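Below, each chain spelled out in residue letters.
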Amino acid sequence: RVKMSSGLIRLLCIFPVLSLSRAETVKFDFDLRDWDVDFLRPTVSTKTLCKSKGNIFAPCGGFASPTARELPFSIPQENLKAAQLVNGQYPGPLVEAFEGDDVEITVRNNLHASGTTIHWHGLHQRGTPFMDGAHGVTQAPIMPGQNFTYKFKAEPAGTFYWHSHMDALQQSRGVKGPLVVKKRDEDEPFRDMYDEEMTVMVSDEWRDPETCFKVDGAMPGNPVCSDSVYASFNGQWGDGTEEYPYPLLTVEKGKCYRMRWINSGGNAENFIIDIEGHNMTMISVDGADVKPVQVRSFNIHNGERTDVVMCADQEEGFYKVTATYDYGCTMLEGKAFTPPGFHPVKACKWYAFIHYKGTKTPLPKKHIPWPPHYEEPAGTGGGSRPKPVEGEEFDTTLRKGWAVAEPLLDEDPLDDEPDLRLVMNVGLTGDTSITAEDIPTSRGRWYNDIEGQTRTWHHPQTPLLHTKGQCGAEETPFVTIPENVTTVELVINNLSPTEHVMHMHGGYFRVINFADFEWCSINKTACFVMPQQLNPCPAEDREFGDLAHKWTNVPDFRVEVGKYPFRLPRLNLPLYWGCKYNEQKDKKFQNLQKPMYKDTMSLWQRSWAVIRFRADNPGMWLFHCHLQPHIPLGMIMAFNVQPNQQPPIPPEVPTSGECPVWSWANVYEKRAEHLLKLAALTRSVYPQSPADMKKQNSRMESTLDSEEKEGEGAEPRKRTDYFFSDFLP
């Protein structure tokens, strides 16, 4: 492979316009509909591993084959899922463009009863913040029967994905797919390292996400269902049986592949990916290039992306690929301690296989993944005796993980001090004790607290970007960054026993410091139930998420360790607290030299992180937890960046509510002209005498007057509706 020179790297940085001069317009059409599918392989007909090959009565992938895509009538009831799919695919269609291309994607909402929006996860939308696709922030929903065309520049280059940003359910019902923005060959610094590309989406899978994610579990922040049971590779789960064969990643011997890994999960925080017998070279994280580093495994959190180069240079066969949810492994049924408010986990590892094309070796045998067996499959051919792999373990759950990679291009260190420093506390506000009679999502709601503004997310009346937060957003948490500020430092304290995966819209941030609490690491599950008074955190750094509600009524639960589980009574414990960042003690660990560019990061339980970002992209940008059960509970806030420089909202962007869009004065004038013409047309088509019109308007105004008088002490309602006769001379 050719090694890059520093001069070439500088040249690529200086002359990016070479590729932009050849920009094209690429168009896609998204047809979103309701489907009934098998949630373990919604749209996959697994022809490659079909055992009916050669059987003329059950041709491979045919209607009589056990691996054909089934009619809803034939799907087992326990696997039948009410899905929402784009173009009938899962994952949805690949959106692919070159950097600088103009992208146009028309979304046609043919769902029966749900609005939708699409977010382009990782794209910065510079100049087009109204195309970010965030419900309640940049647009109103595209309603059933309507369509909307997203138009934006394909920037920056990298591995991304698209998904619904309507609520916490649509993504896990199937509304998601890969998005790849490529550099042209002469601009791609790693082009000599690989022959072909391969995109792999991994995700936990749920038959009924509406039940699992929409309301609280036994304790706020916990899902109703088990943390994990199933996970898929490119939309397919498998255990090696004829009905559910293993997912395959097919390669040709002698070729090297750029594998674009995307964690598009719902509830599972992360997957640790390792491939037997094959070394991997990591070249990109969250779409941002890094200096190539050899890794033996990498931890990819919910919403993160990791690009690695893997060469098919081993003996032919099937080589095991494992996705491990390590936090789930600490709660395996019958093998580990399950904290209160959680269900025991029945599986924490899922498998695919690197498949050498044309190999004559037998297929991997089936395995039983469930308790008490917890079997693991084995490769065949060369995969039955894989060579040891070498390299780093890339895991940003740990402080040392942030030192494994650094940006590709050498840059000046970050400034010692930012223009603005903010502190965000992440926690639960309100009583965290839940009973069966409580209104769902009403107790212990999540908040992102900036400078003492402890507010959980409530949708504004009109999308935030459309009003710059000046109307109908009294209960919506957002922070306006001063216009003269460029660099913002954000200290994030997690005052809860729950991990979060934080995602920022509109640009990259850089993680400059990260807590390193061994006493609350991944294998210390008991940290979840550690009372505030009994922990190694220094007393001066401890803080509750809500000082008015320190104690939590822990529900009774069964301890699943051993043969004879037993039940504990309800207890009151002070559980929702964290160990804060202490500048005097912790600043010495910060990295201002070469911190990675990220748009998504894990924030460990009871822990903290410090990030820096540039507030130079005008728009209203969300910063929120990407775990879907936390979204209905309000773990969302927004940054209002350079409001005086935000571009006007195009008139075709869906809006809602009673607040006027700040840039639509001319639009409203044209609509008024249209209403006048409509009034004239109405009079000509349905002639009425002036007396009749006055009677009709009098009745309608009487109705308004009676509504205004309802309720004691109510302020008189401003008249905002006018009648055709109001426009008469």
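Residues numbered from 1 in each chain as written. Predicted model: local features only at pLDDT ≥ 70, side-chain atom pairs only at ≥ 80, totals over all residues. Heavy atoms only, no water.

Engineer: What am I meant to see in the side chain of Gln 605 here?
Structural biologist: Mapped onto the secondary structure, Gln 605 falls in the loop between strand E34 (600-603) and strand E35 (608-614). Assessed through its relative accessible area of 1%, Gln 605 is described here as buried. (Helix = DSSP H or I, 4+ residues; strand = E, 2+ residues; numbered from the N terminus. Buried < 20%, exposed > 50% of the residue type's maximum accessible area, 1.4 Å probe, protein only.)

Engineer: What is the right way to read the state of the cysteines from this model?
Structural biologist: Here, the word disulfide means a covalent bond between the sulfur atoms of two cysteines. In total, this model carries five disulfides according to the counting rule given. With a sulfur-sulfur separation of 2.0 Å, Cys 212 is cross-linked through a disulfide to Cys 225. In this structure, the disulfide formed by Cys 212 and Cys 225 twists by about -80° around the S-S bond and is classed as left-handed. Here Cys 212, found in helix H3 (residues 209-213), pairs with Cys 225, found in the loop between H3 and strand E10 (230-233); they are 13 residues apart in sequence, far enough to count as distant. Cys 225 carries the same exposure label as Cys 212, and that label is buried. (Disulfide = S-S within 2.5 Å.)

Engineer: Help me understand a nonpolar patch on the surface in this model?
Structural biologist: A contiguous nonpolar surface patch, about 480 Å² in accessible area, is contributed by Leu 675, Leu 678, Leu 681, Val 685 and Tyr 686. As for its position among the elements, Tyr 686 is in the loop between helix H7 (665-685) and helix H8 (690-709). According to the relative accessible area criterion, Tyr 686 is exposed, its value standing at 57%. (Patch = residues over 30% accessible without salt bridge, like charges linked within 9 Å, V, L, I, M, F, W, Y side chains within 5 Å. Areas by Shrake-Rupley, 256 points an atom, 1.4 Å probe, with all protein chains shown as cover. Salt bridge = Lys/Arg side-chain N within 4 Å of Asp/Glu carboxyl O.)

Engineer: Could you clarify how one ought to interpret the side chain of Thr 359 in this entry?
Structural biologist: With respect to the helices and strands, the residue Thr 359 is situated in the loop between strand E18 (349-356) and strand E19 (380-381). Side chain to side chain, Thr 359 and Thr 361 meet in a polar contact 2.8 Å long. When near neighbours in sequence (up to four residues on either side) are disregarded, Thr 359 contacts Glu 316, Gly 317 and Phe 318. (Polar contact = N/O pair within 3.5 Å; in protein donor to acceptor, adjacent residues only side chain to side chain. Contact = heavy atoms within 4.5 Å.)

Engineer: Can you help me understand unusual backbone geometry in this one?
Structural biologist: Only a minority of non-glycine residues have a phi that is not negative, and only a minority of peptide bonds are not trans. That bond from Tyr 90 to Pro 91 is cis: its omega, -10°, falls within 30 degrees of zero. Among the structural elements, Pro 91 can be located in the loop between strand E2 (80-86) and strand E3 (95-98). The peptide bond linking Glu 155 to Pro 156 adopts the cis configuration, its omega dihedral lying at -10°. With respect to the helices and strands, Pro 156 occurs in the loop between strand E6 (147-153) and strand E7 (158-164). For Asn 87, which is not glycine, the phi dihedral falls at a positive 55°. Considering the arrangement of structural elements, one finds Asn 87 in the loop between E2 and E3. Of note, the phi angle at Asn 234 is positive, near 50°, even though the residue is not glycine. The topology assignment puts Asn 234 in the loop between E10 and strand E11 (248-251).

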